[in-house]
Amino acid sequence: MAKTLFEWDYSEYPGAKSYPHLFTPIEVGNLFVPNRIKYAATEENLNGLDGFITDSGVEYMRQRARGVVGGLCFMQGVYMDEAGKGQGYVGQAAAWDDKFIPGLARIADAIHGEKAIAGFQLMDCGRVGAVEVESGHGPSTVPQRLRIFKPMYEMTPAEVKEMIQQHVDAARRGVEAGFDVMEISGIVGYLISNFISSYTNRRTDEYGGDIRGRMQAVVEIIQGVKEVCGPDIPVGIRLCSEELLDDVRGNTPEESMETYKMAEEAGADYISCTLGWQESIYPVISRDIPMGNWVHLAKRAKEHVKIPIQMAYRMFKPGLPNEKIGANELDFWEICRSMIADPLMPKKVAEGREDEIRHCVACNLCLARLFRDAPMTCYINPVCAHEANPEFADPPAAEEEKEIIIAGAGPAGLECAYTAARRGHEVHVYDKRDVIGGTLNEAKNAPYGDDELWTCIEYQQTMCKKAGVTFHLGTEVTADLIEEEMPDSVVLATGPAYSKIESAAGDSAKLVNLLDVMNGQAAVGEKVVVWGNRKPGIGCALHLAQQGKKVTLVGKDKTAGFDVNPSFKWRYVLYMRQNGIVTYNDVDIEEVNDEGIVVKSYDGYRWPVKCDTIVAAQREPNESLKKVVQSEGIELFVIGDALIPRNLSSAIHDGYRIGMRI
Ligand SMILES: Cc1cc2nc3c(=O)[nH]c(=O)nc-3n(C[C@H](O)[C@H](O)[C@H](O)COP(=O)(O)O)c2cc1C
Ligand code: SF4
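Residues numbered from 1 in each chain as written. Chains lettered and ligands numbered in written order. Predicted model: local features only at pLDDT ≥ 70, side-chain atom pairs only at ≥ 80, totals over all residues. Heavy atoms only, no water.

Q: Sorry if this is basic, but what is going on with the nonpolar core here?
A: Across soluble globular proteins, nonpolar side chains have a tendency to be buried as a group. Core analysis: the largest hydrophobic core is formed by 155 residues, its most contacted members being Met75, Leu104, Leu122, Phe179, Ile237 and Met311. Broken down by element, the residue count for this core peaks at 9 residues, all from helix H6 (residues 211–229). The residue makeup of this core includes at least three contributed by each of domain 1 (3–390) and domain 2 (395–496 + 621–659). Counting 29 residues, the second largest nonpolar core, distinct from the first, contains Tyr448, Ala522, Leu553 and Val615. (Core = buried A, V, L, I, M, F, W, Y, C linked by side-chain atoms within 4.5 Å. Buried < 20%, exposed > 50% of the residue type's maximum accessible area, 1.4 Å probe, protein only. Helix = DSSP H or I, 4+ residues; strand = E, 2+ residues; numbered from the N terminus. Domains from an automatic or database assignment.)

Q: Can you help me understand the pattern of salt bridges in this one?
A: Pairing between side chains of opposite charge can happen when their charged atoms approach one another. For the structure on display, the rule yields 41 salt bridges. Among the salt bridges present, the one from Arg172 reaches Asp98, with a minimum N-O distance of 3.1 Å. Of this pair, Arg172 sits in helix H4 (residues 157–176) while Asp98 sits in the loop between strand E5 (72–78) and helix H3 (101–113), placing them 74 residues apart in sequence. Taking relative accessible area as the criterion, Arg172 reaches 27% and is therefore assigned partly exposed. In this structure, the salt-bridge partner of Glu442 is Arg433, at a minimum N-O distance of 2.9 Å. (Salt bridge = Lys/Arg side-chain N within 4 Å of Asp/Glu carboxyl O.)

Q: I tried to follow the sheet that holds strand E13 (residues 332–335) on my own but got confused; where do I start?
A: Reading around the circumference, E4-E5-E6-E9-E10-E11-E12-E13 is the order of the 8 strands in this closed barrel, with parallel pairing throughout. Each adjacent strand pair in this sheet contributes to an overall mean axis angle of 30 degrees, direction not counted. Packed on one face of the sheet, H3 meets E5 and strand E6 (117–122) and runs near 145 degrees to E6. (Pairing = 2+ DSSP bridges. Axes fitted to C-alpha atoms, helices over the stretch in contact; angles between N-to-C directions. Contact = heavy atoms within 4.5 Å.)

Q: Teacher, can you tell me more about the packing of H4 against H6 here?
A: Relative orientation and spacing of two packed helices are given, respectively, by the angle between their axes and the distance between those axes. Viewed as axis vectors pointing N to C, H4 and H6 meet at an angle of 30 degrees, and their least axial separation amounts to 9 Å. One way to sum up the angle between H4 and H6 is to call them roughly parallel. Considering the relative orientation of H4 and H6, their crossing is right-handed. Of the residues in H6, those touching H4 at Val160, Lys161, Met163, Ile164, His167, Val168, Ala171, Arg172 and Val175 are Ala217, Glu220, Ile221, Gly224, Val225, Val228 and Cys229. Residues of the contact of H4 with H6, tallied by class, amount to 11 nonpolar, 2 polar and 3 charged. (Parallel < 35°, antiparallel > 145°, perpendicular 65-115°, else oblique. Left-handed = near helix turned anticlockwise from the far one by under 90°. Nonpolar A, V, L, I, M, F, W, Y, C, P; charged D, E, K, R; others polar.)

Q: Help me understand the site of ligand 1, please; the structure alone is not making it clear to me.
A: Close to ligand 1 lie 20 residues, the nearest being Gln121, Ser185, Arg238, Arg314 and Arg337. Within the backbone of Cys336, a nitrogen or oxygen atom sits 3.1 Å from an oxygen atom of ligand 1. Expressed as a share of its isolated accessible area of 610 Å², the protein-covered part of ligand 1 is 96%. A total of 3 residues in the shell around ligand 1 trace back to one element, the largest contributor, which is helix H12 (residues 365–370). Taken together, the residues of the shell around ligand 1 break down into 12 nonpolar, 4 polar and 4 charged. (Near = heavy atom within 4 Å. Polar contact = N/O pair within 3.5 Å; in protein donor to acceptor, adjacent residues only side chain to side chain. Areas by Shrake-Rupley, 256 points an atom, 1.4 Å probe, with all protein chains shown as cover.)

Q: Is there a simple way to think about the site of ligand 2 in this case?
A: Around ligand 2, the neighbouring residues are Arg337, Ile340, Cys360, Val361, Ala362, Cys363, Asn364, Leu365, Cys366, Cys378, Tyr379 and Ile380. Taken together, the elements giving at least two residues each to the shell around ligand 2 come down to helix H10 (337–341) and H12. Residue composition of the shell around ligand 2, grouped by class: 10 nonpolar, 1 polar and 1 charged.

Q: Teacher, can you tell me more about the sheet that holds strand E3 (residues 31–33) here?
A: Hydrogen bonds along the backbone pair up the strands of a sheet, which may run parallel or antiparallel. What the 3 strands build is an open sheet, ordered E1-E3-E2; its pairing is mixed. Strands at the two margins of the open sheet, each flanked by one partner only, are strand E1 (3–4) and strand E2 (26–28). For E2 and E3, the ladder comprises 3 bridges, and the chain directions are antiparallel. Residue Val28 lies in a different strand from E3, and its bridge partner there is Leu31.

Q: Could you clarify how one ought to interpret the environment of Val28 in this entry?
A: Looking at the element boundaries, Val28 is found in strand E2. As a C-alpha pair, Val28 and Tyr459 span 431 residues in sequence and 35 Å in three-dimensional space. Look past the residues within four positions of Val28 in its chain and what remains in contact with it is Val33, Pro234, Asp269, Tyr270 and Phe332.

Q: Could you clarify how one ought to interpret the environment of Val33 in this entry?
A: The residue Val33 is located in strand E3 in this model. For Val33, a relative accessible area of 0% corresponds to the buried category. In this structure the C-alpha to C-alpha distance between Val33 and Asp247, which are 214 residues apart in sequence, comes to 40 Å. Once residues lying within four places of it in the same chain are set aside, the contact partners of Val33 are Pro25, Ile26, Val28, Leu72, Ile117 and Phe332.

Q: How should I be thinking about helix H16 (residues 454–467) in this particular structure?
A: For an α-helix, 3.6 residues make a turn, and residues three or four places apart therefore share a direction. Here H16 contains 14 residues, and its C-alpha end-to-end distance of 20 Å stays within 8% of the 20 Å for a straight helix at 1.5 Å per residue. Most of H16 is tucked away, with 10 of its 14 residues classed as buried. Among the residues making up H16, those that are buried are Trp454, Thr455, Cys456, Ile457, Tyr459, Gln460, Thr462, Met463, Cys464 and Ala467. The secondary structure elements touched by the buried residues of H16 are helix H14 (411–422), helix H15 (440–443), strand E16 (470–473) and helix H22 (648–661). Immediately downstream of H16, the backbone of Gly468 shows phi near 80 degrees, a positive value. (Expected span 1.5 Å × (residues − 1).)

Q: Can you help me understand helix H19 (residues 535–545) in this one?
A: The buried count for H19 comes to 10 of 11 residues, which makes it a mostly enclosed element. Listed as buried for H19 are Lys535, Gly537, Ile538, Gly539, Cys540, Ala541, Leu542, His543, Leu544 and Ala545. Those residues of H19 that are buried lie in contact with helix H18 (514–518), strand E20 (527–531), strand E21 (550–554), helix H20 (566–578) and strand E26 (613–616).

So this is what it looks like as structure tokens:
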């Protein structure tokens, strides 16, 4: 009989009626799991540089444990060697010595405190490792494709044995710390996958050769870890189902499926189906990849093994995993980024509060920060990584209740509005448009998944409604209005101003505004110059190129997409090339004439670009109301693009911070 850790009854949960398959129990090894929800292991760089667990790490996990409503909750993968060759992140948790057990136990306890099942993950980062040392280890010496990673050198047979033992020892520490499930991470180019792949394993000894040889170290790890875990602690493994490394002679999908069978034979109790590699040229989880794009791989995996198959990868909404579990094409809905963005996401699904979910927008800022040695934060969740600070995570009621006018119902204004209203203020949001959303109304029309950005506004709208924010749409905030209302505080969240072209004609007939183009109100010729090479300009350039226009992107920044994080920027660079967009960076427009424009580079070169239309996407701070408010002596805050034109993330974070400060 399978072991039950915590009793859960979902019969009163509305979500269990809407998504019954997500809330059906399952046995994993000898463990009874009451639902099909798993928070997948997530590095967050919140631990000490010495690998010890911190309060921030514990509180981060406590929130995610609450979110899985009794399901599986995994802590980040730990590295297991004292030398740190397997360490991939400066703040990665360590488990190479017994001295780490008490800290790890704090995480297991926090997860258990929420009646969730605590998962421990073993993750030697292999080719993605050696973050603090000169070089790393791997099955063979194969040069890195990505310059950001360190050189890797071939392990001797003795070192391979030592590495296997390190997994076993770390698993024992996880068990002693109180974890209930053990997982070996063979994800996206880390050590396990390095051994398995024909791209990185060129060994000729017992740990190389054909797929069976390349799996040998993994089989020994599974067997060793099973032994220390005993019958009651299931052992799972994350294994690549498609490496997407065809161009460097990686494994075939057939070979990958062989590894699934071998893992099952070796005693694995479940497999988490992963895909792609850091070094693959194919994107897997960015916003341009449609949700649910990969779930067919879980179905294929299930055709090869009998043990449960778990899978994440762009499944941000409950409908699809519920359907696939019901069709026996998947066993567990794994969730990573959706629970970075909203730790309580599945709990809200269970409680029928889906409109309160802050959906991940698949921008990959969280990852980009990890790889630059920064603590993880989230583009759209200002509280992420601040869970241990109650003043920040759940701002207390305001000492003095104020009447606040917020000018602008875009993402900055809305975030500020509900945050302040929840603290007891009387909040009035004005916008000259008769709809909320600000410039996201236009930004969401850009291609490659940007429509998903609108989920932020939907979430903020719900929160404003719940917090009792009053809206005055179709009403512009003016000097008269401020004089009449005389509020205690004014927040300017009016969005940016758009730069005029300083040269020649200034108000050229060719010139149209970015927003008018994006909402289809401006006439645009066949040859277009988009002026402004940050994200709004890029989105507009792609939007127009997809309509068949010949587009040139011209901007002052040294590279296009300066405001886009590097884990997503490469997607835009590629799409601009694919759409035939010519880009001139680090330049200004010197002249507008009948033919088009004259571009001037920073070092004085000039050249003409023919065009019928110039789209102004170059933005500036919007100071229009500042003086009026200041002259009345009213407390003033300026946030979002009105303060400094940046991106959606800055708008939300500004809004939250000012909302909790007023
Ligand atoms: C910030 C971040 C950290 C991650 N850390 C780990 C990790 O420690 N171990 C692991 O196996 N996978 C890790 N992953 C991969 C995720 O568990 C997950 O498989 C992947 O993000 C795809 O799922 P999603 O689309 O739900 O985000 C990480 C992903 C992200 C975004
Ligand atoms: S940073 Fe971006 S990708 Fe990461 S969880 Fe937040 S919204 Fe999602």
